[in-house]
Amino acid sequence: VAVGEIIEVRGNGLQLPPSLATGRYELYELTDGLALWVVDCTYHQEIIHIRNSVLGNDHFCLTFNISEDAVTLYKQSGRVVKSGKNLSSAIFFSSQSQGLRYIIKPGTHMKFVGLLFHYDWAYKIFSQNNIPLRKSRLMAIINNTPIQFTANMDLKILSVIEELFACRLPHYIKLKYFEGMAIQLFAMFLRNAVT
């Protein structure tokens, strides 16, 4: 995203210019191969976000969107999806080999939690917990094949997301708490994918 304005990094957060957006935009590296980002921003300018596809396919992004305003996703397949409003298509999963574009209109309130993880981290989770891999979507992670889809969010996942936004722990405790919550979200996503 190129915005033509200075964006500072302080601690785990981006300090967005008030003319661009107000709110919270934070990223936490939790463990080797796993990061979590938390966004609760209202945008004051139109932003066109473009994530180009890359040749590698060893990183994945899992986003849980609870924005009050639906966000229109333009997937690499050409499919257009409204994400977030009323929990419909509020979970977005993509490997880095799949491009994505979305447009944020002025006045849009974006509120989401995202997990960024490496293939090795996911493989370790699968192998340690004997997770059944009957579904093609999960097999795509293990086989490192390109994948991109949306899914509806349930109320159990929503409650975990709300807990993350409410967290007011000191930083040194928050990282471990966020790691546990990230693993819980990943497990809940997997459960929904295999049932």
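Residues numbered from 1 in each chain as written. Predicted model: local features only at pLDDT ≥ 70, side-chain atom pairs only at ≥ 80, totals over all residues. Heavy atoms only, no water.

How do you make sense of the overall build of the protein when you look at a structure like this?
Looking only at helices and strands, one finds 4 helices and 12 strands in the protein. Computed over its C-alpha atoms, the radius of gyration of the protein comes to 16 Å, within 12% of the 16 Å expected for a compact globule of 195 residues. Its C-alpha atoms put the protein at 50 × 45 × 30 Å along the principal axes. Within the span of the protein, comprising 195 residues, buried residues form 47% of the whole. Sequence-distant contacts, at least 24 apart, represent 71% of the contacts inside the protein between residues at least 6 apart. Summing over all exposed atoms, the protein offers an accessible surface of approximately 10000 Å²; the carbon and sulfur share of this is 53%. With 19 positive and 15 negative side-chain charges, the protein shows a separation of 8 Å between the mean positions of the two kinds. (Helix = DSSP H or I, 4+ residues; strand = E, 2+ residues; numbered from the N terminus. Rg over C-alpha atoms; globule rule 2.2 N^0.38 Å. Buried < 20%, exposed > 50% of the residue type's maximum accessible area, 1.4 Å probe, protein only. Contact = heavy atoms within 4.5 Å. Areas by Shrake-Rupley, 256 points an atom, 1.4 Å probe, with all protein chains shown as cover. Lys, Arg positive; Asp, Glu negative; His and termini not counted. Charge placed at Lys NZ, Arg CZ, Asp CG, Glu CD.)

Please explain the side chain of Gln98 as it appears in this structure.
As for its placement among the helices and strands, Gln98 is situated in the loop between strand E9 (91–95) and strand E10 (100–104). We classify Gln98 as buried; its relative accessible area is 15%.

It is not clear to me how the sheet that holds strand E8 (residues 80–83) should be interpreted in this structure. Could you clarify?
Two pairing modes exist for strands in a sheet, parallel and antiparallel, and in both the strands are linked by backbone hydrogen bonds. In space, the 4 strands of this open sheet follow the order E5-E10-E7-E8, with antiparallel pairing throughout. Taken across any chain shown, the strands that pair with only one partner, and hence form the sheet edges, are strand E5 (47–51) and E8. Taking each pair of neighbouring strands and ignoring which way they run, the sheet shows an average axis angle of 20 degrees. Note: strand E7 (residues 71–75) against E8, 4 bridges, orientation antiparallel. Looking across to E8, one finds that Leu73 is bridged to Val81. (Pairing = 2+ DSSP bridges. Axes fitted to C-alpha atoms, helices over the stretch in contact; angles between N-to-C directions.)

Please clarify how the pairing of E7 should be interpreted in this entry.
Walk down a regular strand and you will see the side chains alternate between the two sheet faces. Counting buried positions along E7 gives 4 out of 5 residues, so the element sits mostly inside the fold. Where E7 folds back on E8, the antiparallel hairpin that results is connected by 4 residues, among which Gly78 adopts a positive phi of roughly 100 degrees. Where E7 and E10 come together, 4 bridges link them in antiparallel fashion. If you follow Thr72 over to E10, its bridge partner there is Ile103.

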